[in-house]
Amino acid sequence: MKVHVRKGDNVMVVSGKHKGKKGKVTRVLPDEGRVVVEGVNFVKKHQRPTNKVMQGGVVDKEAAIASSAVMLVCPKCNEPTRLAHKDLEDGRSIRVCSRCGDVVDK
Ligand SMILES: [Zn+2]
């Protein structure tokens, strides 16, 4: 499944129960069409003691949300925006903000 955002992108959640929250994409799960956004959708996970983590207990961890629920936040407008693609002369395709036309990929 194609996910329109990439790791490191700043996004805003535009639908669902986390609507309005902003954060940075820390993981993209293309197979599921989901993304993990820093600080969004914390769930309690019961951690069993392992060799790595000596102490068990409950930890808060971000769970993935549907990528369709997030929109990229343009670094220039500071607003959630749709992305347009622009083909460069050298054949590369870059992402630009459809609002201000600024290049998102630096
Ligand atoms: Zn913009």
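The preceding data block contains the structure.
One numbering rule holds for all chains: residues counted from 1, following each sequence as written. Totals for whole chains, interfaces and linings use every residue, but because this is a predicted model, local features are given only for residues with pLDDT of at least 70 and side-chain atom pairs only at 80 or more, for both listing and counting. Neither water nor hydrogens contribute to the side-chain values; these are computed over all heavy atoms in the structure.

*Asks:* I would appreciate a short explanation of the pattern of salt bridges in the present structure.
*Replies:* It is possible for side chains of opposite charge to pair when their charged atoms get near one another. Salt bridges are defined by distance alone: a side-chain nitrogen of Lys or Arg within 4 Å of a carboxyl oxygen of Asp or Glu. Throughout the structure, instances matching the rule amount to 5 salt bridges. Arg 6 serves as the salt-bridge partner of Asp 105, at 3.4 Å between the closest nitrogen and oxygen. In this pair, Asp 105 is assigned in the segment after strand 10 (93-97) and Arg 6 in the segment before strand 1 (10-13), connecting sequence segments 99 residues apart. Between Arg 92 and Asp 90 there is a salt bridge; the shortest N-O distance is 3.3 Å. Using a 1.4 Å probe on the protein chains alone, a residue whose accessible area is under 20% of its type maximum counts as buried, one over 50% counts as exposed, and one in between counts as partly exposed. With relative accessibility at 54%, the residue Asp 90 sits in the exposed group. Beyond isolated ion pairs, a larger network of salt bridges with shared partners links Arg 6, Asp 9, Arg 95 and Asp 105. Only DSSP runs of H or I with at least four residues qualify as helices, and only runs of E with at least two residues qualify as strands; both kinds are numbered from the N terminus onward.

*Asks:* Can you help me understand the coordination of the zinc ion in this one?
*Replies:* Note on metal sites: the ideal angle is 109.5 degrees for four tetrahedral donors, and 90 or 180 degrees for six octahedral donors. Listed donors are limited to N, O and S atoms within 2.8 Å of the metal, widened to 3.2 Å for Na, K and Ca; water is not among them, so incomplete-looking sites are possible. Only Cys 74 (SG), Cys 77 (SG), Cys 97 (SG) and Cys 100 (SG) from the protein reach the zinc ion as donors, at distances of 2.1 to 2.3 Å. In this scheme the shape depends on donor count and angles: four donors with every angle between 85 and 135 degrees give tetrahedral, four or six donors with opposite pairs above 155 degrees and others between 65 and 115 give square planar or octahedral in turn, and any other case is irregular. One can describe the site at the zinc ion as tetrahedral: its 4 donor atoms subtend angles covering 105 to 114° at the metal. Within one chain, the residues donating to the zinc ion are spaced in sequence as C-x2-C-x19-C-x2-C. On the criterion of sequence distance, the pair formed by Cys 77 in the loop between strand 7 (70-73) and strand 8 (80-81) and Cys 97 in strand 10 is long-range, its members being 20 residues apart. We classify Cys 77 as partly exposed; its relative accessible area is 23%.

*Asks:* Honestly, the nonpolar core in this entry has me stumped. Any pointers?
*Replies:* When a protein is soluble and globular, its nonpolar side chains tend to lie buried together. Val 5, Val 11, Val 35, Val 37, Ile 65 and Val 70 are the most contacted members of the largest nonpolar core, which totals 14 residues. Mapped by element, the contributors of at least two residues to this core are strand 1, strand 3 (34-37) and strand 7. In this text, buried Ala, Val, Leu, Ile, Met, Phe, Trp, Tyr and Cys residues form a nonpolar core when linked through side-chain atoms within 4.5 Å.

*Asks:* I would appreciate a short explanation of the environment of Leu 83 in the present structure.
*Replies:* By the secondary structure assignment, Leu 83 is in strand 9 (residues 83-87). The exposure class assigned to Leu 83 is partly exposed, which follows from its relative accessible area of 23%. Separated by 11 residues in sequence, Leu 83 and Ile 94 place their C-alpha atoms 9.8 Å apart. Any two residues having at least one pair of non-hydrogen atoms within 4.5 Å are treated as being in contact. Those residues in contact with Leu 83 that sit more than four places away from it in its chain are His 4, Leu 72, Arg 95, Val 96 and Val 104.

Function-wise, these values are silent; they only describe arrangement.
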